[in-house]
Amino acid sequence: MKVYPSGLSLAETAALLPDQPPYRARQVYEWFSKGIASFDAMTNLPQSLRERLSGLYGGQVRSSSIEKELIDEDGSLKLQIRLRDGAAVECVLLEDIEGRKTACLSSQVGCPMGCAFCKTGTLGFLRNLGPDEIIEQFHFLRDRRGFISNVVFMGMGEPLLNLENVRKAIVVLSSPEGIGMSLRKITISTSGIIPGILDIAQSGPKIRLAISLTSAEPNLRTRLMPVNKTWPLDELKSALLQFQQATRDRITLEVVLIGNMNASETDAEALAAWITPLKAQVNLIAWNPIQGMPFEQPSPRQMRIFSEILERKGIVTVQRMSRGRGVMGACGQLGDTLQTTNPPSA
Ligand code: SAH
Ligand code: SF4
């Protein structure tokens with residue numbers, strides 16, 4: 001499929017214009033990475049070149065468009081984006097109290113992993129997103145909220161099952177000639193796809209890695225996260241140790257705490273024991289409610305006790321604030337507006 005301008009690297013942009021000198025390709029690339037909405041915006045280019053580029057894309061700089069915008073009371077912005085084939089995804093801009101703006105991007109339409117506590121998991125999987133469709137989410141959010149400091153692949157989908165395109169998107173995000181974001185400001189969150197973790201350990205990019213662990217008890221993890229059947233906890237741990245050996249980087253472990261499910265003191269002890277050889281920080285996330293799911297939120301007291309047990313074992317633990325809940329834009333809630341557009345996969 002043709003890659004739209006925002007998904008192109010500098011070299012790919014240059015390849016669009018083989019007869020042009022390198023400085024022209026750089027000028028075009030700069031415009032593309034600004035996320036222009038029209039080819040006419042490229043004011044330092046000759047009209048003929050603008051027309052030529054426009055012709056390559058039938059006049060459309062972007063492959064997707066915004067269908068719906070929702071703003072939460074806490075300021076979080078959720079966009080529903082209509083893709084060129086009619087499918088839809090969501091992305092979110094979260095702003096913290098220090099004013100840091102984080103774009104939470106989707107990597108797939110739906111998700112094949114089927115985690116029991118996640119809205120996106122109930123949608124099934126339709127297809128992978130292209131690099132252009134990933135970067136367009138970034139541009140749509142930046143158009144509305146200005147400078148974005150961080151990107152997290154924590155929207156819809158399992159990024160390590162679309163690693164090729166996620167890698168291309170990261171090349172664009174981090175290109176010094178374009179968006180120029182430091183790789184340290186980019187996080188990939190995975191449910192634990194071991195081949196993808198090892199691939200990144202070996203070949204990069206040197207982004208931050210977050211693993212959705214949620215439970216260190218094998219049967220419970222399998223129940224909540226079916227990925228555990230294919231890539232079980234012990235193999236996951238050895239992959240993470242390899243990752244740390246290769247990158248010397250601290251990993252984040254995300255633990256979604258669900259009341260009366262994985263939030264007991266025994267669960268905390270088991271988690272601490274599992275983590276011990278790893279250099280990891282734990283992000284505790286209170287389960288964000290999703291209608292029709294047979295789960296409950298943990299109490300603040302349960303969260304505190306859980307966190308204290310980990311801290312006592314020397315594990316840095318952060319209780320993540322749930323932002324974006326009011327628009328179903330918090331972790332695991334994406335997809336509520338898409339029920340009728342993304343049929344669950346067979
Ligand atoms: N598929 C990837 C990234 C997207 S999910 C992954 O699973 O890591 C992003 C995060 O949201 C994951 O850590 C996941 O465990 C968490 N999550 C899913 N459903 C949730 C819910 N209902 N409440 C809180 N967090 C949830
Ligand atoms: Fe997919 Fe992540 Fe949701 Fe699991 S938690 S279903 S891997 S999006």
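Here, the structure is the one placed above.
Quantities reported herein were computed from a predicted structural model and do not represent experimental measurements. (Residues numbered from 1 in each chain as written. Chains lettered and ligands numbered in written order. Predicted model: local features only at pLDDT ≥ 70, side-chain atom pairs only at ≥ 80, totals over all residues. Heavy atoms only, no water.)

## Comments concerning the sheet that holds strand E7 (residues 150–153)
Then, in step 1: Reading across from one edge, E1-E2-E3-E4-E7-E8-E9-E10-E11-E12 is the order of the 10 strands in this open sheet, with mixed pairing throughout. Two strands in the sheet have a free side with no partner beyond their single neighbour: strand E1 (65–71) and strand E12 (317–320). In this sheet, neighbouring strand axes are inclined to one another by 20 degrees on average, regardless of whether the strands run parallel or antiparallel.
Then, in step 2: Bridge count between strand E8 (residues 186–190) and strand E9 (residues 208–212): 4 bridges; the pairing is parallel. Residue pairing in the sheet places Thr-190 in a bridge with Ile-211 of E9. (Pairing = 2+ DSSP bridges. Helix = DSSP H or I, 4+ residues; strand = E, 2+ residues; numbered from the N terminus. Axes fitted to C-alpha atoms, helices over the stretch in contact; angles between N-to-C directions.)

## So, the site of ligand 1
Then, in step 1: Around ligand 1 sit 20 residues in total, of which Phe-117, Gly-157, Ser-189, Ser-212 and Asn-288 are the nearest.
Then, in step 2: The contact in question runs from an oxygen atom of ligand 1 to an N or O atom on the side chain of Ser-212, over 2.6 Å.
Then, in step 3: With respect to ligand 1, the backbone of Asn-288 contributes an N or O atom lying 2.8 Å from a nitrogen atom.
Then, in step 4: Alone, ligand 1 offers 540 Å² of accessible surface; in the complex the protein occludes 96% of this. (Near = heavy atom within 4 Å. Polar contact = N/O pair within 3.5 Å; in protein donor to acceptor, adjacent residues only side chain to side chain. Areas by Shrake-Rupley, 256 points an atom, 1.4 Å probe, with all protein chains shown as cover.)

## Topic: the environment of Gln-244
Then, in step 1: Locating Gln-244 in the fold gives a position in helix H9 (residues 233–247).
Then, in step 2: Owing to a relative accessible area of 9%, Gln-244 belongs among the buried residues under this scheme.
Then, in step 3: Sequence separation between Gln-244 and Ala-201 is 43 residues; the distance between their C-alpha atoms is 7.9 Å. (Buried < 20%, exposed > 50% of the residue type's maximum accessible area, 1.4 Å probe, protein only.)

## Observations regarding the packing of helix H4 (residues 131–145) against helix H5 (residues 163–174)
Then, in step 1: The N-to-C vectors of H4 and H5 enclose an angle of 45 degrees; their axes lie 8 Å apart at closest approach. Here H4 is positioned oblique relative to H5, judged by the angle of their axes. Considering how the two elements wind past one another, H4 and H5 form a crossing that is right-handed. Contact with H4, carried on its side by Pro-131, Ile-134, Ile-135 and Phe-138, involves Asn-165, Val-166, Lys-168, Ala-169, Val-172 and Leu-173 of H5 and no other residues of that element.
Then, in step 2: Of the residues belonging to the contact of H4 with H5, the class tally is 8 nonpolar, 1 polar and 1 charged. (Parallel < 35°, antiparallel > 145°, perpendicular 65-115°, else oblique. Left-handed = near helix turned anticlockwise from the far one by under 90°. Contact = heavy atoms within 4.5 Å. Nonpolar A, V, L, I, M, F, W, Y, C, P; charged D, E, K, R; others polar.)

Without other data, these values stay purely geometric and don't point to any function.
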